[in-house]
Amino acid sequence: MKRFAIVLSFLMFFLTTGGCVKQEAAIESAEAPAHTSAVAVLTVADKERQQLPPDDRDELNRVMNWLDRDLIDHMRSNGIETVLLDDMKNYSSAMGPLFIINVEFFNPGTSPSLPKGRMGIQISALDLSYKLLDERGALLTEWQDGEHSMKGGTYCARTLNRRAVDKITKT
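All of the points below concern the structure found in this document. (Residues numbered from 1 in each chain as written. Predicted model: local features only at pLDDT ≥ 70, side-chain atom pairs only at ≥ 80, totals over all residues. Heavy atoms only, no water.)

**Here's the deal with the pattern of salt bridges**
And step 1. On inspection of all chains with the given rule, the structure shows seven salt bridges.
And step 2. Close ionic contact of arginine 49 with aspartate 46 constitutes a salt bridge, the shortest N to O distance being 3.6 Å. With arginine 49 and aspartate 46 both in helix α2 (residues 46-51), this residue pair falls three residues apart, about one helical turn.
And step 3. By relative accessible area, which is 26% here, arginine 49 ends up partly exposed.
And step 4. With a relative accessible area of 49%, aspartate 46 lands in the partly exposed category.
And step 5. Two residues, glutamate 147 and arginine 163, come together in a salt bridge whose shortest N-O distance is 2.8 Å. (Salt bridge = Lys/Arg side-chain N within 4 Å of Asp/Glu carboxyl O. Helix = DSSP H or I, 4+ residues; strand = E, 2+ residues; numbered from the N terminus. Buried < 20%, exposed > 50% of the residue type's maximum accessible area, 1.4 Å probe, protein only.)

**Describing the environment of arginine 163**
And step 1. The residue arginine 163 is located in helix α4 (residues 153-170) in this model.
And step 2. Judged by relative accessible area, arginine 163 falls into the partly exposed class, the value being 34%.
And step 3. Through-space distance from the C-alpha of arginine 163 to that of aspartate 145 is 8.7 Å; in sequence the pair is 18 residues apart.
And step 4. There is a polar contact of 3.1 Å between the side chain of arginine 163 and the backbone oxygen of glycine 146. (Polar contact = N/O pair within 3.5 Å; in protein donor to acceptor, adjacent residues only side chain to side chain.)

**Description of the layout of surface pockets**
And step 1. A volume near 250 Å³ is recorded for the second largest pocket.
And step 2. Lining the second largest pocket are 13 residues, and of these Thr43, Arg49, Asp68, Leu85 and Asp86 sit closest to its centre.
And step 3. Listed by contribution, the elements that provide at least two residues to the lining of the second largest pocket are β1 (37-44), α2, α3 (54-77) and β2 (80-85).
And step 4. Top element by residues in the lining of the second largest pocket is α3. It accounts for four residues.
And step 5. Class assignment for the residues of the lining of the second largest pocket results in six nonpolar, three polar and four charged. (1 Å grid on protein atoms, 1.4 Å probe; cavity = no way out; pocket = protein on both sides within 12 Å on 5 of 7 lines; lining within 4 Å. Points joined across faces, edges and corners; volume = space filled by probe spheres on them. Nonpolar A, V, L, I, M, F, W, Y, C, P; charged D, E, K, R; others polar.)

**Brief notes about α4**
And step 1. For α4, with 18 residues, the first-to-last C-alpha span of 26 Å sits near the 26 Å given by 1.5 Å per residue.
And step 2. For α4, the complete set of buried residues consists of Gly153, Thr154, Cys156, Ala157, Leu160, Asn161, Ala164, Val165 and Ile168. Across the axial projection of α4, the buried residues extend over an arc of 160 degrees, all falling on one side.
And step 3. If you follow the buried residues of α4, they end up packed against α3, β2, β3 (98-107), β4 (124-133) and β5 (139-149). (Expected span 1.5 Å × (residues − 1). Arc of directions from axis to C-beta. Contact = heavy atoms within 4.5 Å.)

Below, the structure written as structure tokens:
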């Protein structure tokens, strides 16, 4: 009888809290921002790639791919639909405003003198410049931002992405 009472009390607890969870989920989805705007995103790192040694170029490519995916996730979670462009030639004004990210400086933060797999003493750094253009090509806003991290370039990119999305939503 004691087991039956314990099982029944757990069952009652889960049934009563299950309804609350569903209501909270419905409230959260109602508060989610509407997907009303769209932005085309173009990331450019050509000048910086030319100045880096081959191993650092590979790391920059990895960080930039991660930056693009993370930026799109942040923008979509803030109600901004995105189109990722490989080249400026692929842009048309029907895509919405154009957001251009240019890599000004990159330091991978690893030391080539250490064996592979070990981090060096250097700090990763990523400096980016941003331009937001409207559909006609008029400059809406531009700024530069940078971040340093001992954890790696993707940590720099995540912080920069959060700040960029905040600035875009305010614009």
